[in-house]
Amino acid sequence: MKRALITGITGQDGSYLAELLLEKGYEVFGFARQESWYRPNCATHLAGRVHLLFGDLIEGVDIANAVQDAQPDEIYNLASQSRPGESWARAPETLLVNGLAATRLFEAVRHHKPSARVYHASSSEMFGRLSESHRQDEITSFTPVNPYAAAKVYAHHMAAIYRDSYDLYIACGILFNHESERRPLHFLTQKVAYGAACAALGIKNSPHRNERGRPIVEVGKLALGNLAVARDWGYAPDFVRAMWLILQQDQALDFTIGTGKIHTLTELCEVAYHSVGCDWRECVLSDPVLVRPLEPGHVLADASRAREVLGWHPTVSFEEMVARMVRAQIARLKPLVDSGEVA
Ligand code: NAP
C-alpha cells in the first residue's frame, strides 16, 4: 500500500486529494495545525480514515518529524496562506509559509526520505503582470504582483534547485484558479455563489460577514471589487486529479494546469444569479475599497503539456461548477431561513 503525506489537508484541495488517494487505496497522512483540525474544516468527514500529524509548517522540526514518521512514498505540499489579497496585510507570514516552509520541507525530504516523490503547489499568480495576450505555460516568465505570488515564485525556484542539485523527485503544478463547494466564504467565487443563494432565498441582510465586518449581502446588495477582472477558473476535484497524475510520471516535471478558458467577474455574476432566475445587475455593486492595489494581467492557461503527457483535461464546465456552488450555498442557508433565524 502506498503512503502519502498531505500538508494542508484541512483545506479545499487537501481534502479532495485525500478522498482521491483513499479511493485509490493509499494510506493517507495529513499534516495539520492541531487547532484547525478540531474546528470544522474541509476534511472533518475524513476523521478516522486518515492518520494525523500535527504541526505548523513554519516550524522546520514539525515537518521534518512528519516526513520521518509517515515515511511517505508521495508528499503533496498544499499548505499555504492561500489568499493573494490578504498577503498584503500579512506579507512576512506569507513569505514564511508559502516560501521558506517549502524549502524546509525539501530539506526534510533530502535528509529523511530522499526517495519520496514531492508535489509542490505553485500558482498562476506567479505570472503576475502580463502585457502579452498569449497563454501561460511552464516556460512563461514570472512577474509577481503581490506578496503571495512572490513567495510562491521563491518556492518554485527552490523546488527546481533541490530537484537538480540533490536528484530529488520534486514536481510543481502551476495551478490556475480552481473553486468548489468547499471554498471558504472569503474567496470571490464563493462570495458570488453566496450572494446568488441569498437572492434566491430573498435574504436582504446575510448572516455571514465580510472582511470589514459587514453582512456579505447588505440591503440586498453584494459588494465586490473590480468587476472587469478575469480568471481561468476550474473545478478543484479536476485539479487534484492532475496533482496525482503529476507524481505518477517517470520524470519529475512541472505542469501548468488550467481550463484554457477565461471569464470575467461580471460573467461569473451573470452565471451565478441566472442559475437561480435573478438579474445580477440588481444585486451586485462594485466598491472601490475592495479593488486590489495591483491585479494580475490576462491570466490564461496553456495546459498542452498536461493534456499530452498526463492525458489530463477538465471534466466540469464553468457553468456547472458555479451552479453547484450556488446550490451548495442554498442548502447551507435554507435551514436558517426555514427556522426563522434569517429573514
Ligand atoms: P486552502 O483551502 O486555503 O488550504 C490551505 C491549507 O494550508 C489549509 O489546510 C491551512 O490550514 C494550511 N496551512 C496554512 N498555513 C499553515 C501552516 N502554517 N501550517 C500548516 N498548515 C497551514 O487552499 P487550497 O485552495 O486548498 O490551495 C491549496 C494549495 O494550492 C495552496 O498552496 C494554494 O496556495 C495553492 N493554489 C491554490 C489555487 C486555488 O485556486 N485554489 C490556485 C493555485 C495555487 P488551516 O486550516 O490551519 O488554516
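Reading the values: the criteria
- Every chain's residues receive numbers from 1 upward, in the order its sequence appears when written.
- pLDDT decides what is reported in this predicted model: residues at 70 or higher carry local features, side-chain atom pairs at 80 or more are listed and counted, and totals for whole chains, interfaces and linings draw on all residues regardless.
- The side-chain quantities take in all heavy atoms of the structure and omit both hydrogens and water.
- Helical segments are the DSSP runs of H or I of at least four residues, strand segments are the runs of E of at least two, and each set is numbered from the N terminus.
- Values of the radius of gyration come from C-alpha atoms, whereas the globule rule sets the reference at 2.2 Å times the count of residues to the power 0.38.
- The contact criterion used is simple: two residues touch if any of their non-hydrogen atoms lie within 4.5 Å.
- Salt bridges are counted wherever a side-chain nitrogen of Lys or Arg sits within 4 Å of a carboxyl oxygen of Asp or Glu.
- Any residue under 20% of the maximum accessible area for its type is buried, any over 50% is exposed, and the rest in between are partly exposed; the area is computed with a 1.4 Å probe on protein chains only.
- Pairing between strands is defined by DSSP: at least two bridges between the two strands are required.
- Angles here are taken between N-to-C directions and fall from 0 to 180 degrees, while the axes themselves are lines fitted to C-alpha atoms, restricted in helices to the stretch in contact.
- An automatic or database domain assignment supplies the residue ranges for each domain.
- With the far helix as reference, a near helix turned anticlockwise by less than a right angle produces a left-handed crossing, and one turned clockwise produces a right-handed crossing.

Undergrad: Explanation requested: the overall build of the protein chain in the structure shown.
TA: Of regular secondary structure, the protein chain possesses ten helices and 14 strands. Since a compact globule built from 343 residues should have a radius of gyration of about 20 Å, the 20 Å found for the protein chain is in line with a globular shape. The dimensions of the protein chain, computed from C-alpha atoms along their principal axes, are 55 × 50 × 40 Å. Within the protein chain, residue pairs in contact and separated by at least 24 positions form 77% of the contacts whose partners lie at least 6 positions apart.

Undergrad: Please clarify how the pattern of salt bridges should be interpreted in this entry.
TA: Side chains that carry opposite charge are capable of pairing whenever their charged atoms lie near each other. Going through the model one piece at a time under the given rule, you end up with 19 salt bridges. When the shortest N-O distance is used, the salt bridge between D287 and R212 registers 3.1 Å. Of the two residues, D287 sits in the loop between strand 14 (284–286) and helix 9 (304–310) while R212 sits in the loop between helix 6 (188–201) and strand 8 (217–218), which places them 75 residues apart along the sequence. Its relative accessible area of 14% is what places D287 among the buried residues. Where salt bridges share partners, they join R83, E86, R90, E93, K191 and E211 into one cluster.

Undergrad: Looking at this structure, I do not really get the sheet that holds strand 4 (residues 74–77). What am I missing?
TA: Think of a sheet as strands paired side by side through backbone hydrogen bonds, with each pair either parallel or antiparallel. Across the sheet, which stays open at both edges, the seven strands sit in the order 3-2-1-4-5-6-12 with parallel pairing between neighbours. Lying at the two open borders of the sheet, with one neighbouring strand each, are strand 3 (51–54) and strand 12 (255–257). If you compare each strand with its neighbour and ignore which way they point, the axes differ by 20° on average. Where helix 1 (residues 12–23) meets the sheet, it contacts strand 1 (3–7), strand 2 (27–32) and strand 4, and its direction lies at approximately 170° from that of strand 1. Sitting on the sheet, helix 4 (residues 91–112) is in contact with strand 4, strand 5 (117–123) and strand 6 (169–175), with an inclination near 170° to strand 5.

Undergrad: Would you mind going over the sheet that holds strand 9 (residues 221–224) with me for this structure?
TA: The strand order across the open sheet formed by three strands is 8-9-14, and the pairing between neighbours is mixed. A single partner strand is all that each edge strand has here, and the edge strands are strand 8 and strand 14. Strand direction decides the pairing type here: strand 9 and strand 14, joined by three bridges, are parallel. Pairing of L224 across the sheet is with S286, part of strand 14. On the sheet, helix 6 packs against strand 8 and strand 9 and is oriented at approximately 170° with respect to strand 9.

Undergrad: Hey, could you run me through the domain arrangement of the protein chain in this one?
TA: Interface size is often expressed as the accessible area that is lost when the parts come together. You can read the domains of the protein chain as domain 1 (3–179 + 235–257) and domain 2 (188–230 + 262–299 + 317–338). The C-alpha centroid of domain 2 is placed 28 Å from the C-alpha centroid of domain 1.

Undergrad: Any chance you could explain the packing of helix 1 against helix 7 (residues 236–246) here in plain terms?
TA: The packing of two helices is summarised by the inter-axis angle and the distance between the axes. Where helix 1 meets helix 7, the axes come as close as 9 Å, and the angle between the chain directions of the two elements is 65°. Note that helix 1 runs across helix 7; the crossing there is right-handed. Seen from helix 1, the contacting residues are Q12, D13, Y16, L17, L20 and L21; seen from helix 7, they are A236, P237, V240, R241, M243 and W244.

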